[in-house]
Amino acid sequence: MNNILLLEDLPEIRTWLKVLINQVFPQSQIHEAARVHDALELVSAVKFNLALIDLGLPDGSGSTWSRRCANRNPMCSRWS
């Protein structure tokens, strides 16, 4: 895994997940976003291998956004 997207609005959950991701994929670069809007900008700039997406986001549906992410990054694995 080279690039991982972590889309989670709660800072404490995002921090916890980042620690876990670093343990499993220590060489990967983790890109964090708290809002769908921020994640869309990241997806436009970076090719992701893995995306961890919160389903209940304050500015949009994580499941809907997950499909968009997959369309832009067809080789990306998604865990929602």
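Residues numbered from 1 in each chain as written. Predicted model: local features only at pLDDT ≥ 70, side-chain atom pairs only at ≥ 80, totals over all residues. Heavy atoms only, no water.

Glancing now at helix α2 (residues 36-45). By the burial criterion, the buried members of α2 are V36, A39 and V43. One face of α2 carries all of its buried residues, which in axial projection span an arc of 55 degrees. Seen from the open side of α2, the exposed residues pointing more than 90 degrees away from its buried face are S44 and A45. (Buried < 20%, exposed > 50% of the residue type's maximum accessible area, 1.4 Å probe, protein only. Helix = DSSP H or I, 4+ residues; strand = E, 2+ residues; numbered from the N terminus. Arc of directions from axis to C-beta.)

The sheet contact formed by strand β1 (residues 3-7) and strand β2 (residues 29-33) spans 5 bridges and is parallel. Directly across from L6, in β2, lies its bridge partner E32. After leaving β1, the chain enters helix α1 (residues 11-24) and then returns to the sheet as β2, a path that is right-handed. (Pairing = 2+ DSSP bridges. Right-handed = clockwise from strand over helix to strand, strands pointing away.)

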